[in-house]
Amino acid sequence: MLTGSKSTFKVRQMGADIKERMLTQSGSNARRPDVSGLPCLPGEVVLRRAVMVRKKLTAREGRGWLSGTLFCTAFRVAFVPQDAPKPQDDADPVLLGDHDVALASIEKVVVVGPNRTKLVTPNSSLKFTPEELVLYCRDLRVVCFLFDRLTPDAQVLEITHTIAKTYQPVRAGCVSAFQNAALGSVEMKQFLSNRQRDAHMNWHESAADWERELERCGATGWRVSSVNDRFEMSTSLPRYLAVPQKVLDTELKKIFAHFHDGRIPRWCWRHPRGGSDLLRMAGFQNNIYHEKDDIRNLETILFGGHGNLCVVVELGDELPSPPDVQLAHARLRALCLGDISTSATVPDDKWLSTLEATCWLDYTRACLKKASEVARLLRGGGMTVALQEAEDRDMSCVVSSLAQVMCDPHCRGRRGFQSLVQKEWVTAGHRFRGRANYGRDNPKEEAPVFLLFLDCVWQLWSQYPWRFQFSDDFLLALHDSAHLPLFSSFLANSQRERCRRTQNAGQCYTPVNGGPEPADPPLPSVWDWSLQYGQRRQAGFTQPVPPAPRPLLNGNLNAQTDARGHQQANECTPGTVFLFSRGIFSSPAGLPPWRGGTAGVTAAAASISGVYRKSHRRAPSSESVPGLERLLKADAQRDPCRPLLPLLLGPCLGLWRECYHRGALHAQAFSHPPSGEHAHPLELLVREVRGLRRRLVAERRLSQGGDDRDAVTASAPSLPADEHLADARPGRSASITSSDGDGG
Amino acid sequence: MEHIRTPKVENVHLLDRSKGQRKATVGTLYLSATHSMFIENNPETRKETWVLHSMVSSVERLPTTPAGSQLILRCKDFRIFQLLVQQEKDCLDVYASLLRLSRPEKYSELYCLSFNPNINKEERQESWNFIDLMADYKRMGVPNNLWVPSAANSQYRICETYPSEVFIPKSATSSIVTGSSRFRSRGRFPALSYFHQDTLAAVCRCSQPLSGFSGRCQEDEMMLQAVMKSNPGSTYIYVVDTRPKLNAMANRAAGKGYENEDHYGNIKLHFIGIENIHVMRNSQQKIVDVGEMRTPSMTDFLWGLENSGWLKHIKAILDAGVFIAKAVADEGVSVLVHCSDGWDRTAQACSVASVLLDPFYRTIKGMMVLIERDWVSFGHKFSHRYAHLDGDPKEVSPVIDQFLECVWQLSQQFPCAFEFNEEFLVAIHAHVYSCHFGTFLGNCQKERNDMRLRERSHSVWPQLWKDKADFTNPLYKAELSQCQGVLRPNTTPYCFKMWKGLYNHTERSTPPCQSPADFLSAVREESQQLEEELANQQERIAALTGKPLTWEKVQVKRRTGNVGQRHRGPDPPGTYYAVPAERKRRDAKGEERALVLPLDNHSDLESGVGDLSSRSSSAGEEGQDPHADGRGWPSPLPDSSNSS
């Protein structure tokens, strides 16, 4: 299919039909076991192969070199080390091996020849034989392959060109070719449709899921409404909404019109102690005619199950806008990867100021700050905290989920975190497709807001690693997966879009053989980790030592702290709303800005229109403002329910080096070869603790039933060392120890 | 005593700014000849804060306000105390006294000469023999057929600032040494600093040659030739001039300068570009200011850090070490290092290279030996650089601070390679400035001998060795491959970060923050407790079943001391430290521990874990847990299922 002469090599634009043929042709290839040792996905096409290639290992992988064979398939660039164990025939397919790069996540292909470096594009020709092939990825990895002298020149040239040609879709915006290459085969579809979803996490997709969440949080007074079941009320909201029990669906329906895109205030989370509720809503729609009842209904929602105090937290002006985030991220990339085409790097003494100029850390800090304010407010008890953002689809996702990570230990576990992302991002209608811009066809909307969120979580993680059950490796894996256009979680802008895709898929499918074909399974979810990574990598997603358990909330604690919360609530007159913006509480004269305003309702006495009046001086019932302010400043260190508040001063935030600096290939030296036989000290330590813990459990059982001799013999601890080996893993350790924040 | 105008002031407010304290504590301030003491009024805690006068770098008096007069005490280890004295007169007295006391004029005023712990003469003598440099030379394999001890400098005849015993190439005769010494600034001739057994290459040190524009000296040339010959594997040596080339050239006008490659056969000259002590002094002031900022924004912090240039200087020093280590370990070529006088930058470069080259210097004992050899014995001017006496402020410079920071930066890149932790480096830093012990007093070995310091003061090293448990890095295990061999650090600028433990105390304690290493220590502590409990349980079972069980005892290899109980100085009166009354109680309780029956050791365990509570609330909760589950025995590790 590809032709080339020895030294000059011009790639012809491949017609779609040729591609088609190629796919079908090698579809048959794939059925027979691949001689080359690459564990192929069902139906995966190996386009090119180069032998005797060495891969440069990063510091995290242990540095040094690994020799093996390089493959380019229609889906990925795969590297199989020489001594890799033979894949089992019946093993489930795994999308990416340890050394693989998906084509869709490649951003640039650069080859290094003798004395020169060249960016390879689909149309470029090479006048020299490359010695090194460097793949710059969107997820900030840099993967470097070195061609040995023994690698045949033709193989080098061919594989370089094949990669350069295939990594970019022929037509901008066409991601389906890539999806097909990975998941398009019949076998793969079959495999996917038989896959079970992780039942241990909450997907927040069905009404029952939401009921479960309400129950978990102990949110009495709230119910699940299916008023948006067919996305008629709001196209971007999920099907099921948690709303106060007091509000009937008929009343609810009238409110949608008053909010931008129909995103009405809805429940997200309840603080386990004191029962403050966290709500999210979009900005008000001002120019809509409304009735008196609407205001009452809105108030009922805002005051939720219990309270008479509501704080509306404005997320507008203090947080970066999506374009800001995009710009900052672009600069950060440029800083961390260097300018690839010109190979110009930042001069040594300007590193810190260049980092400062990216504003990335500033934005991270702003988000953390806002979220920690929200977390502190939630501690107050007996009130509602409502996050308001004009669109309610970007920063409110960040802030509400961060606040929950801080307050709710459940969200610091892997499954809890996945449920959280599912709740606050996936179903809540974050514009993943638009923000990720997989097809590179819509640069206006592109903004890595989700990556900013991951960075914020990492900052928290690095300050309190022992309070998280998941590891930074998990965050990193999620970061990387967000760059792959393969997962239903990230491929749609709203739940509605996601549902439509599954419905339409079956209808669009045209059977090839004429026979009735089963409908396409939906694309997999990102949480299906075993589809993406091997067991070893997955094992690294959780910390070796689980976080210290928090005490169960017993009556005593509640009584003690509730007193303060109730006092708070009693201080103010019923039905008070405060607006919190830029660190200042103010009381708007009327709750919804449109009360008695432009719509011209004469009945309403308050005559302020449009916006909140910011009058924190002598406003009615402002006597409770000091209480709220105290709440913001209070630093109850002894409080067992104290949220995980981040340290925000300049020196305390660091750069997520394990993520952004993975590509630092100019690292000076390859000091120690990766030592397989020696376990890391941390692992030894972990084993020690585990062993002791097991024995303790065993002995406790013994001493409880002291006279039961059977138990003695049955549970006599025998601790084979290899039992623990399964838990120990290399690579993890470095992250724990180097997690101390970077100076800059 | 004559300088103390008022020995005691009551109702003083103290704010320890470096601890991030926001609310002042009220107490009484006492001034003694050696310390300022502050004792809290609060009868429950009675916390004591001791500050050694020699640790005070500056006292500042703020304008009087209606509430009283304020004093700001800045310490040499960058801690800041704010004092509010109600009476202006008292304040003036305290100010004047401290001003005088913190600037001793004679060595005899220093604390180490009056410090007299309860040990006898033999023990004191032994404390000085704790570090034996000759044993270290023997460890690296000298004397041998290449390097021999020289008697040339006995009685400090040809170089006052060198130790009396140095190693020189075997082929260098005493006339060559004497001649070379005459051609070198302050007589500091080339001498052996480190010998690398694997490649037989050596790191040597000296001062700049007095070459001027055209001067040359045959003996010096022969000396360098001898250094080269003593490495059989190579045909040339590197001469590393750690100064920027421009500075070195400027020195030529003053009759000094650097080696001319035409005159010396087979040398390769290499400049590193470490700035001089004045630049370093100013740079450190800037980074200290950055660390002191109350609420630095991201911009303030990053700009401040960059403008201080401090990390750039640290990088330069590390680069020098890396260059030397590479030459010695990879190329097998000997290196001769010098700067101007060969006692500041040279000491830095040689000792960093030693740390990189030899795993021994990454142990606690090894670090002590290294500082003793490259700094103390080779005449680093401790008293001048660290302002032990009131003297020329231009001589003051944070030279050893930079070395310690290089080691710290390395420990960040190689967390498993060092036996000691950050605390150890901070402790050395404090002792260098404090004059609590005689080790770092004076400017060279001769001066120390003349002062008879070995008879009049104590050595710091045994003291630090005693607190070894506090200084151990939980990740280090000597037998691991990661800990062995030559370290090859990455010196790109993003690998350097600000040493928060030294320069930025502010957010360390509020809210409780714990470094991963502390966490690991805590885990280790925990496993120790588990082990103890295991023993208890076994006893119980034995009692219940009436049959002794013969499971082997689980071995926890290394034990660390109480993690939370880090005190900086040695026993009181220390450099300064704070003893909460709680700790005293706990210590007392710890002794009872053995007597407590296994069944009701609640309080015991709680106190064991309780000291972590100041650092992490999670650990504190564990302490409370026994009460929560009420099953009759404490459970330091409840089932993890609760957590997820």
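Residues numbered from 1 in each chain as written. Chains lettered and ligands numbered in written order. Predicted model: local features only at pLDDT ≥ 70, side-chain atom pairs only at ≥ 80, totals over all residues. Heavy atoms only, no water.

Peer 1: Explain the sheet that holds strand β14 (residues 335-338) of chain B to me, using residue names and the numbers behind them.
Peer 2: Residues and elements named next belong to chain B. Pairing is mixed in the open sheet, where five strands are placed in the order β10-β11-β14-β12-β13. Each having just a single partner strand, β10 (191-196) and β13 (267-271) make up the two edges of the open sheet. Along the sheet, successive strands turn relative to each other by an average axial angle of 20 degrees, direction set aside. Examined bridge by bridge, strand β12 (residues 237-241) and β14 share four bridges and lie parallel to one another. Paired with D241 across the bridge in β14 is H338. Against the sheet, helix α11 (residues 345-357) touches β10, β11 (201-206) and β14, its axis set at about 160 degrees to β11. (Pairing = 2+ DSSP bridges. Helix = DSSP H or I, 4+ residues; strand = E, 2+ residues; numbered from the N terminus. Axes fitted to C-alpha atoms, helices over the stretch in contact; angles between N-to-C directions. Contact = heavy atoms within 4.5 Å.)

Peer 1: Give a detailed account of the sheet that holds strand β12 (residues 277-282) of chain A, specifying residues and quantitative values.
Peer 2: All names here are of chain A. The six strands lie next to each other as β11-β12-β14-β13-β15-β16, forming an open sheet whose pairing is mixed. In this open sheet, the two edge strands, each paired with only one partner strand, are β11 (266-270) and β16 (584-586). The sheet shows a mean angle of 25 degrees between the axes of neighbouring strands, taken without regard to direction. Set on the sheet, helix α10 (residues 360-379) makes contact with β11, β12, β13 (309-314), β14 (384-389), β15 (576-581) and β16; between it and β13 the angle comes to about 180 degrees.

Peer 1: Residues and numbers for helix α9 (residues 351-358) of chain A, please.
Peer 2: Most of α9(A) sits out of view: six of its eight residues are buried. Within the sequence span of α9(A), burial applies to A:W351, A:L352, A:S353, A:L355, A:E356 and A:T358. Residues of α9(A) that are buried make contact with α8 (322-337) and α10 of chain A together with α9 (298-308) and α10 (310-331) of chain B. Looking one or two residues beyond α9(A), the residue adopting positive phi is A:C359, at roughly 70 degrees. (Buried < 20%, exposed > 50% of the residue type's maximum accessible area, 1.4 Å probe, protein only.)

Peer 1: Got a sec to walk through the packing of aromatic side chains? Specific residues and values, please.
Peer 2: A full pass over the atoms with the stated rule returns 47 aromatic pairs over all chains. Residues B:Y238 and B:F323 carry aromatic rings whose centres are separated by 5.2 Å and whose planes lie at 75 degrees to one another, so their mutual orientation is edge-to-face. Residue B:Y238 is located in strand β12, and its partner B:F323 is located in helix α10; the two are separated by 85 residues in the primary sequence. Ring centres 5.4 Å apart and planes at 55 degrees place the aromatic pair B:F424 and B:F471 in the tilted group. Residue B:F424 is found in helix α15 (residues 422-434), and its partner B:F471 is found in helix α19 (residues 468-471); the two are separated by 47 residues along the sequence. Judged on exposure class, the residue B:F424 and its partner B:F471 are both buried. Its guanidinium or amino end placed over the ring of A:W203, A:R197 lies 4.2 Å from that ring's centre, counting from NZ or CZ. (Phe/Tyr/Trp six-rings, centres within 6.5 Å; stacked < 30°, edge-to-face > 60°. Lys NZ or Arg CZ within 6 Å of the ring centre and 35° of its normal.)

Peer 1: Summarise the confidence of the model for chain B; cite the residues concerned and give the values.
Peer 2: Residues and elements named next belong to chain B. Summarising the model, chain B shows a mean pLDDT of 81, and 81% of its residues fall at 70 or more. Mean pLDDT values for the elements of chain B range from 35 in helix α23 (residues 602-610) up to 96 in β14. Considering only residues more than four positions removed or in separate chains, one finds that residues 508-514, a stretch of pLDDT under 50, has 28 contacts. Every residue in residues 551-644 is under pLDDT 50, and counting partners more than four places away or in other chains gives 184 contacts. The ipTM assigned to the predicted complex is 0.72, against a pTM of 0.77. (pLDDT = per-residue confidence, 0-100.)

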